[in-house]
Amino acid sequence: MNPIRSRSARVIVVAAAAGSLALTGCSKDSGKDAKDESKSQKDAASQSKPVVYGEAADSTGPAAEVPGAKPGGMINIYTQSDLSHMDPGQIYVSDAGQFANLVHRKLTNYQEDDKGNLTVVGDIATDAGKSSNGGKTWTYTLKDGIKDEDGNAITSADVRHTFERQYSKVIFDGPSFVQTWLSGSDYRKALPDGPYKGKHLPDSVLSTPDEKTIVFNFDKPRPDLPQALSMAGYAIVPEKADTKEKYDKAPKSLGPYKIAEYKSGKSLKLVKNTNWDPKTDAVRHQYVDGYDFTTTIDQPSQTKRLIADQGEAKNAMQFTDSVDPAQTSSVIRDAAVNKRTIKGYQPYVWQMSFNLDRLKDKKVRDAITYAIPNQSMIQADGGKYGGELAGGLFAPTLPGYDATYDPFGKLKKPNGDPAKAKALLKEAGVAEGTKLTYAYSNTPRGQKQMVIIKDALAKVGFDVQAKEIDRATFYEQIGKIDNGFDLYMTGWGQDWASQSTVVTPVYDGTLVADGQPNYSHINDSKVNSLIQEALVLEPEAAAKKWEEAHKRIVEEINPAAPVYYSKQLQLFGSNIGGARYSTNSSYIDINRLYLKKP
């Protein structure tokens, strides 16, 4: 998930504050030292467990009741900007992924228990899927009673339309797992106009034998399909409702809530979707009457309001933003406030991505990697509550994570090695004052990190030209092949507990294209080959191939410098009930909230 995905990909976790912040300060409820409640790599390891594929009984609604839940009232959502996307096909960033939990539905979904264990269940399908033909064929049957917000019944034709529209240029910013599995890395050529001119994928690839049945046919086993289909990017778009590009601003709901009002750059209001039937949904609830998003509240203001817990803030929560790092101490040390937080280890690795089309010399990329003050970057994102120093590009939430892997010596020199960086630049013949163009998101975190990066690279001889990009379009802009930037901070997390969901989307050279998350444009034949070998192996054998690919990427190519593994610390108001950390989304579990006093 760029960072930011639900178990996913790009993460727009926004955090920020000044350079090196220590956890200092106190409050009326604090003692001298607050107990360290930051999450560890042991907590992260619990997220690397493989999921279970559920049967029909697991997929039948309604979802298990949340103890003490009451109906009624509106929850207030604080966020800093508009959502990156609302069209499901474009959703690959975590803020939009959380929104999708409320509005969109997919063939499958994750059901999560109180211990964070995950089961893939049928969402609009009757189960997690039925596999045949040695795992190459997957069949899904739709539940009865699935309708969109206008009361239109959802059929297999809508499901087929959902996947076929992703082949068109209308969709440029979402996941591509299923499309590439069906039609190869150059999948758009198989259906360049999507379904919009009356053409379809052949039945030998994707078929709908009747109104309730969808059949996926692959050329090799795809055991992870049920998890891929649970991604927000594969949520259903009803064929008759599809307005192409305009759909991103006014999508139709199949979930418990629908859009009542949207004011670009200001607010978003969700209300109950009366055509959502809880008997068809084994995951979500519809306790509150709706959600009021205010998309203009910066991170420090969010934190101050929620600490104060007055008036409408009692019914409010952070969405995918974290506690303002400058106020982390106040939150942790005040027992009453600390009780209103969720803490968790996220799957995201923040990394300095290099545009290999522009920064072609590995010595230069290595020099920048050594120059980066990783610990200062962590401190600017909340210290030990915000992250932990990264040695590689595989997070502690992945199976087989190696805590000792540290090829750039960051454990010994967490704030970088400027002398080593200068020596490498001298070897590469880089002149003092060489310009670098650094793109950053206009969030508090992005702005503070920009200051740190600019200062660190200036010390080794670079003249950094900082280019600010709006948060809502950051990944869209750097996702263009000809983006005009040398380097940019990105965050990526696994889509499910497999190294394949990190290596394939981000480092597969066959997937270099506008809108794809191969932000560095790495295209290495050996890495590409290792990916193809690993994809057809059983998990244990595949893990060795993925690790081989990982080490080649980090040590021999270095398309992205590992900076830190991300943690989450979020606040919610005192009147919100049911809040817990979600292993699936790595944020507050949005599927089970209610108001204690509606």
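Everything numeric in this text was worked out from a predicted model, so none of it was measured.

What to know about the environment of Gly382
You can see Gly382 is positioned in the loop between α11 (374-379) and β14 (387-389). In the structure, Gly382 is positioned 11 residues away from Ala371 in sequence and 21 Å away in space, judged by C-alpha atoms. Setting aside residues no more than four positions away along its own chain, Gly382 makes contact with Pro325 and Thr328.

Overview of helix α12 (residues 418-427)
Of the positions making up α12, those classed as buried are Ala421, Leu424 and Leu425. Down the axis of α12, the buried side of the element spans an arc of 100 degrees, and every buried residue falls inside it. The outward face of α12, more than 90 degrees from its buried face, is lined by the exposed residues Ala419, Lys426 and Glu427. Where the residues of α12 are buried, they touch α10 (362-371) and β16 (462-469).

Overview of the sheet that holds strand β13 (residues 341-354)
With respect to topology, 6 strands assemble into an open sheet ordered β14-β18-β13-β17-β15-β16, the strand pairing being mixed. If you trace the sheet from one side to the other, it starts and ends with β14 and β16, each paired once. The average angle at which neighbouring strand axes cross in this sheet is 30 degrees, direction not considered. As judged from the 3 bridges shared by β14 and strand β18 (residues 560-571), these two strands associate in the antiparallel manner. Bridge pairing in β18 links Gly387 to Ser566.

Here's the deal with the pairing of strand β4 (residues 118-122)
For β4, a buried count of 5 out of 5 residues is recorded, marking the element as mostly surrounded by other parts of the structure. For strand β1 (residues 52-53) and β4, the ladder comprises 2 bridges, and the chain directions are parallel. Residue pairing across strands places Val52 opposite Thr119, the latter belonging to β4. Here strand β3 (residues 108-112) runs beside β4; their pairing, made up of 5 bridges, is antiparallel. Directly across from Asn109, in β4, lies its bridge partner Val121. Between the end of β3 and the start of β4, which pair antiparallel, lie 5 residues, with Gly116 showing a positive phi angle near 85 degrees.

Criteria and thresholds
Residues numbered from 1 in each chain as written. Predicted model: local features only at pLDDT ≥ 70, side-chain atom pairs only at ≥ 80, totals over all residues. Heavy atoms only, no water. Helix = DSSP H or I, 4+ residues; strand = E, 2+ residues; numbered from the N terminus. Contact = heavy atoms within 4.5 Å. Buried < 20%, exposed > 50% of the residue type's maximum accessible area, 1.4 Å probe, protein only. Arc of directions from axis to C-beta. Pairing = 2+ DSSP bridges. Axes fitted to C-alpha atoms, helices over the stretch in contact; angles between N-to-C directions.

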